[in-house]
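Okay, here's what each chain looks like letter by letter:
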Amino acid sequence: MDPCPAEEDFPVSKREYDDLNLRYCQLKEDHVNLQRECDMLRAENEKLKEELKNSTFSYATVKCNIGQLIFLTGLTSVVFEWLLTKIMGSVEIIHNKLTVADHLLIILMKLRLGLCNNDLAYRFRVSKTTISNILRSWVPSMALVLKPLIKWPSKGAVLKNMPKIFKRNFKRCRCIIDCTEIFIARPSNLTSRAQTWSNYKHNNTIKYLIGITPAGAISFLSPGWGGRVSDKQITTESGFLKLLEPRDEVLADRGFLIRDELAAYGATLRIPHFTKGKKQLSAQEVDTSRQLSRVRIHVERVIGRWKNFKILQTVIPVSQVNILDDVVIVCGALTNLCKSVVPKRVAHV
């Protein structure tokens, strides 16, 4: 073994060597501390990235919260996924940064909550134009796919599913009809403004005839008509009468003066009795009118559920009136996916 080198063999003096060694140890300790701090910052960065990802509005972030998804769309995750599968082949991706599920979420939030396009644009971090393009592309496609859910059932199907409350006085009821109006912005065109003016609502509206089965399903939705049109005209010219068969009964409100038109198809109109020309109604007429009012309550509940899609309660911009029929169809179809508001069995009334 070589003898220990003499001090003069070192390139530096012993004192300098000790100083350098001390400096080295300090730097090594600093390195360890910096490395530890770097690891902590990296972990914090990953945590913040995850929080940012979760804070980004998307289907991925809301689907896990059942209550939130139902509030935003009116649908459970199971129905949402079914709907997504149903329409997948009929729609297109408008924005590459949004998933197909995000596109559908935008549509459903627009319909269910009636949000303006700016609101949706802020939430999904896209432009207002992108939201508009999604709506104009997806809503007509969805209406085409979902329209079969608004089905006119056979007479046998209606009888088979007739709720008990109808069986006593309205066992031949095929449909309950009503008209509903949706507000639109005031058109600049004078002709359109006149055609859509509703004397009943004192506003510009689009009117729809809606038919409900006794079991509580929407079975008919007419195209939209200007609010000026009468209930009689929309009923006779919408194609509704052609669906009726002999011995059918149609329940309606007093405004539907269509008894002769129904009779031409062998059907009967059932409306509350008038007191016009009489001092008072007979006991039988009072009872029949009361029974009719009781079953019509269910129609109002179905229409109420349909109008839970808040877009139908907003004022529709003139630029969107041309897709309003499609909006109405999609909302009607989604309403039919919900549990009926009419119980199959009820207490005797």
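Since this is a predicted model, take the numbers as computed values, not measurements.

Reading guide: rules and limits
- Residues numbered from 1 in each chain as written.
- Predicted model: local features only at pLDDT ≥ 70, side-chain atom pairs only at ≥ 80, totals over all residues.
- Heavy atoms only, no water.
- Helix = DSSP H or I, 4+ residues; strand = E, 2+ residues; numbered from the N terminus.
- Buried < 20%, exposed > 50% of the residue type's maximum accessible area, 1.4 Å probe, protein only.
- Contact = heavy atoms within 4.5 Å.
- Areas by Shrake-Rupley, 256 points an atom, 1.4 Å probe, with all protein chains shown as cover.
- Pairing = 2+ DSSP bridges.
- Salt bridge = Lys/Arg side-chain N within 4 Å of Asp/Glu carboxyl O.
- Polar contact = N/O pair within 3.5 Å; in protein donor to acceptor, adjacent residues only side chain to side chain.
- Axes fitted to C-alpha atoms, helices over the stretch in contact; angles between N-to-C directions.
- Parallel < 35°, antiparallel > 145°, perpendicular 65-115°, else oblique.
- Nonpolar A, V, L, I, M, F, W, Y, C, P; charged D, E, K, R; others polar.
- Patch = residues over 30% accessible without salt bridge, like charges linked within 9 Å, V, L, I, M, F, W, Y side chains within 5 Å.

Trainee: What should I look at first to understand the overall build of the protein in this one?
Mentor: Each helix and strand counted, the protein has 14 helices and 7 strands in total. Residues counted as buried form 39% of the 349 residues belonging to the protein. In the protein, of all internal contacts separated by at least 6 residues, the share reaching a separation of at least 24 is 62%. A total accessible area of about 20300 Å² is found for the protein, and carbon and sulfur atoms account for 54% of it.

Trainee: Please clarify how the pairing of strand β1 (residues 173-183) should be interpreted in this entry.
Mentor: Consecutive side chains along a regular strand alternate between the two faces of the sheet. In terms of residue burial, β1 counts as a mostly covered element, since 10 of its 11 residues are buried. Pairing between β1 and strand β6 (residues 249-251): 3 bridges, direction parallel. Each bridged residue has a counterpart across the sheet, and for Cys-175 the counterpart in β6 is Val-250. Pairing analysis gives 8 bridges linking β1 to strand β3 (residues 203-212), with the strands arranged antiparallel.

Trainee: Please clarify how the pattern of salt bridges should be interpreted in this entry.
Mentor: Per the counting criterion, the structure on display carries 9 salt bridges. In this structure, the salt-bridge partner of Lys-207 is Asp-231, at a minimum N-O distance of 3.1 Å. One end of the pair, Lys-207, is in strand β3; the other, Asp-231, is in helix α11 (residues 231-237), with 24 residues separating them in the sequence. Residue Lys-207 shares its accessibility class with Asp-231, and that shared class is buried. Its salt-bridge partner being Glu-249, residue Arg-270 comes within 3.1 Å of it at the nearest N-O pair. One end of the pair, Arg-270, is in strand β7 (residues 268-270); the other, Glu-249, is in strand β6, and 21 residues separate them in sequence. Among the charged side chains, a salt-bridge network with shared partners connects Lys-155, Arg-174, Glu-245 and Asp-248.

Trainee: Explain the pairing of strand β4 (residues 218-221) here, please?
Mentor: Of the pairings in the sheet, the one linking β3 to β4 comprises 3 bridges and is antiparallel in character. Within β4, the residue paired with Gly-211 across the bridge is Phe-220. Counting the residues that bridge the hairpin from β3 to β4 gives 5 residues, and of these Gly-216 lies at a positive phi of roughly 100°.

Trainee: In this structure, what is going on with the side chain of Thr-73? I would like to understand it.
Mentor: Position of Thr-73 relative to the elements: it lies in helix α3 (residues 66-73). A relative accessible area of 0% places Thr-73 in the buried class. In terms of polar contacts, Thr-73 uses its side chain to reach the backbone carbonyl oxygen of Leu-69, at 2.7 Å. A distance of 3.1 Å separates a polar side-chain atom of Thr-73 from the backbone nitrogen of Leu-75.

Trainee: Mind showing me how you'd approach the environment of Leu-324 here?
Mentor: Structurally, the position occupied by Leu-324 is in helix α14 (residues 324-336). Take Leu-324: its relative accessible area is 2%, and that puts it in the buried class. Separated by 184 residues in the primary sequence, Leu-324 and Pro-140 place their C-alpha atoms 9.4 Å from one another. What Leu-324 contacts, discounting residues up to four positions off in sequence, is Ile-182, Ile-184, Ile-206, Tyr-208 and Ile-316.

Trainee: Would you mind showing me how to read the packing of helix α6 (residues 117-124) against helix α7 (residues 128-146) here?
Mentor: A pair of packed helices can be characterised by two numbers: the angle between their axes and the separation between those axes. Running from amino to carboxyl end, α6 crosses α7 at an angle of 110°, the nearest separation of the two axes being 8 Å. Judged by the angle between their axes, α6 and α7 are roughly perpendicular. Here Asn-117, Asn-118, Leu-120 and Ala-121 of α6 come into contact with α7, specifically with Lys-128, Ile-131, Ser-132 and Leu-135. In the contact of α6 with α7, the residues fall into 4 nonpolar, 3 polar and 1 charged.

Trainee: Help me out: how do you make sense of the packing of helix α4 (residues 77-87) against helix α5 (residues 100-113) in this one?
Mentor: Contact geometry of α4 with α5 gives a least axis separation of 11 Å together with a crossing angle of 110°. When the axes of α4 and α5 are compared, the pair comes out roughly perpendicular. In contact with Phe-80, Leu-83, Leu-84 and Ile-87 of α4, α5 contributes Val-100, Ala-101, Leu-104, Leu-105 and Leu-108.

Trainee: Teacher, can you tell me more about a nonpolar patch on the surface here?
Mentor: Taken together, Trp-82, Leu-149 and Leu-337 make up a surface patch of nonpolar side chains, about 230 Å² in accessible area. Considering the arrangement of structural elements, one finds Leu-149 in the loop between α7 and α8 (155-160). A relative accessible area of 31% places Leu-149 in the partly exposed class.

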